[in-house]
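Architecture at a glance
Below are the chains, spelled out letter by letter.
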Amino acid sequence: MASIRYKPYILEDSTYKGGGKKIAMPNGIKVHKLSSNENPLGYSPKVKEALTGALDNLSLYPDNTDHRLREALVSDFDNQLTADHFITANSGSEIIDIISKAFLGEGDEVFVSQPCFLPYTAFTRWMGAKAVNVPMTSDYDYDLEGILKAITERTRLVFLASPNNPSGNYIPKEKLTAFMGQLPEHVVVVLDEVYRHFAEAGDYTSALPYVLEKKNIIAINSFSKTYGLAGLRVGYCYAPLHISNYIRKICKPFLLSSLALEGAIAALKDIDFVERTVQLVQGERAYVLNGLRALGIKFWPTQGNFVMIHPPIPDTELVASLEKRGIMVRPVGNFGAPGMVRISFGTRDANKAMLEALSRIIKEKPLIA
Ligand SMILES: Cc1ncc(COP(=O)(O)O)c(C=O)c1O
């Protein structure tokens, strides 16, 4: 009897889990969740209104074309792109999945630079393709030269993130432009810019200039961070038409629910909420980094809504000790940064509590070298 033909590369894989475990504290001690890079302001009240309004229409199929959301994105990009440049999906993660399906097959190869967001490698493996790691340098910078040298005929995609999760580094415009200029024509860059609103470096760039130049690039975006809609699951990408129109061919009909569509459209329109979020993140970033500096804790410069630290005690011990004090942070050894811990920026209250807890833990524990 013939048996089921399992795909070996799926059989061997472990289920991708993502972060996000919940903790409960006794005696009403407040829990500060600084482990998933979420928005401390929550989400826009205008989104709530839009979602409530959309509830009346749940018996009807949503907008099959997602056209209104893509038109709202066109406005958000000041009409520099058209609706056809955008693809929407149920999260930035699903965008990564769709890109993988569109470009990867058995024997293909992609490039990642660890430490990086786990789905780049997981979703690549699900397609039977291989993720080749060109690690970041010791001070967490992309080795773009190294990637260019390692590219082969089988290379399909290069995943880059700016700002990168978990290390917080970004790719300055001059470097990205030089890299795009040297990229062989059969390779597509996937630039993950889900944290782009938080970047304030003068030489930061999104993928927009390269998309306008029709380079081989796809920009991943999400509604989970700036718009505070991690639970709604909405994301999008934009790319030059020769790429976006190709990817659209494998997008399922009615992919986004009417709640997701209406919520995302309302989120894009609430510019004031976006500004308040960016202001909060940038302000709290300065506050937390100053606090870490004062405690003598090693951290890496960050353009995201989080920072990666090298704790002076073992990472698991730090995470457990912070948890006991109601503070959730994320060890990022499995991202490819062994011993490091990522801390999201929260409200001032949360950040203050986190810094105080860190200070106490460090005083109590003997330091490692
Ligand atoms: C670098 C990066 N890309 C993409 C995503 C995907 O976000 P989501 O799937 O919530 O849209 C995340 C989420 O944490 C991320 O950190």
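Worth saying up front: this structure is predicted, and the values here are computed from it rather than measured. (Residues numbered from 1 in each chain as written. Predicted model: local features only at pLDDT ≥ 70, side-chain atom pairs only at ≥ 80, totals over all residues. Heavy atoms only, no water.)

Now for the domain arrangement of the chain. Structurally, the chain comprises domain 1 (8-43 + 272-364) and domain 2 (45-270). Using only C-alpha atoms to locate each centre, domain 1 and domain 2 end up separated by 24 Å. The interface is formed by 33 residues belonging to domain 1 together with 39 residues belonging to domain 2. In this assembly, domain 1 packs against domain 2 so that about 3100 Å² is buried in total across both faces, 59% of it on carbon and sulfur atoms. Connecting domain 1 to domain 2 are one salt bridge. Between R285 and E200 there is a salt bridge whose closest N-O contact spans 2.9 Å. Where domain 1 meets domain 2, there are 16 residue pairs in polar contact (both at pLDDT 80 or more). Elements with a contribution of two residues or more to the side of domain 1 that touches domain 2: α1 (8-11), α11 (271-295) and β10 (306-310). Its residues assigned to classes, the side of domain 1 that touches domain 2 shows 16 nonpolar, 12 polar and five charged. (Domains from an automatic or database assignment. Contact = heavy atoms within 4.5 Å. Buried area = accessible area lost by both parts, 1.4 Å probe. Salt bridge = Lys/Arg side-chain N within 4 Å of Asp/Glu carboxyl O. Polar contact = N/O pair within 3.5 Å; in protein donor to acceptor, adjacent residues only side chain to side chain. Helix = DSSP H or I, 4+ residues; strand = E, 2+ residues; numbered from the N terminus. Nonpolar A, V, L, I, M, F, W, Y, C, P; charged D, E, K, R; others polar.)

Moving on: the pattern of salt bridges. This structure, assessed with the given rule, holds 13 salt bridges. Where E262 meets R68, a salt bridge forms, and the shortest distance between an N and an O atom there is 2.9 Å. Of this pair, E262 sits in helix α10 (residues 258-269) while R68 sits in helix α3 (residues 67-76), and the two are 194 residues apart along the sequence. Among the charged side chains, a network of salt bridges with common partners joins D66, R70 and D84.

One pass over the full model with this rule turns up 15 aromatic pairs. Between the aromatic rings of Y170 and Y204, the centroid separation amounts to 6.3 Å while the plane-to-plane angle is 50 degrees, which identifies the pairing as tilted. Of the two residues, Y170 sits in the loop between β5 (155-161) and α7 (173-182) while Y204 sits in the loop between β6 (188-192) and α8 (208-212), which places them 34 residues apart along the sequence. A relative accessible area of 17% places Y204 in the buried class. Here F223 and Y227 contribute two aromatic rings whose centre-to-centre distance is 4.8 Å and whose plane-to-plane angle is 35 degrees, an arrangement assigned as tilted. The pair formed by F223 and Y227 is uniform in burial state, with each residue classed as buried. The rings of F77, F86, F223, Y227, Y236 and Y238 are connected pair by pair, giving a single aromatic cluster. Sitting over the face of the ring of Y287, R348 holds its NZ or CZ atom 3.7 Å from the ring centroid. (Phe/Tyr/Trp six-rings, centres within 6.5 Å; stacked < 30°, edge-to-face > 60°. Buried < 20%, exposed > 50% of the residue type's maximum accessible area, 1.4 Å probe, protein only. Lys NZ or Arg CZ within 6 Å of the ring centre and 35° of its normal.)

What links the strands of a sheet is backbone hydrogen bonding, and the strands pair in either a parallel or an antiparallel sense. Spatially, β2-β8-β7-β6-β5-β3-β4 is the arrangement adopted by the seven strands of the open sheet, whose pairing is mixed. Only two strands of the sheet have a single neighbouring strand rather than two, namely β2 (86-89) and β4 (130-133). With strand direction ignored, the average angle separating the axes of adjacent strands in the sheet is 25 degrees. Across three bridges, strand β3 (residues 109-112) lies against β5 in parallel orientation. Within β5, the residue paired with V110 across the bridge is L157. In the packing of α3 onto the sheet, contacts are made with β2 and β8 (235-238), and the angle to β2 comes to roughly 125 degrees. (Pairing = 2+ DSSP bridges. Axes fitted to C-alpha atoms, helices over the stretch in contact; angles between N-to-C directions.)

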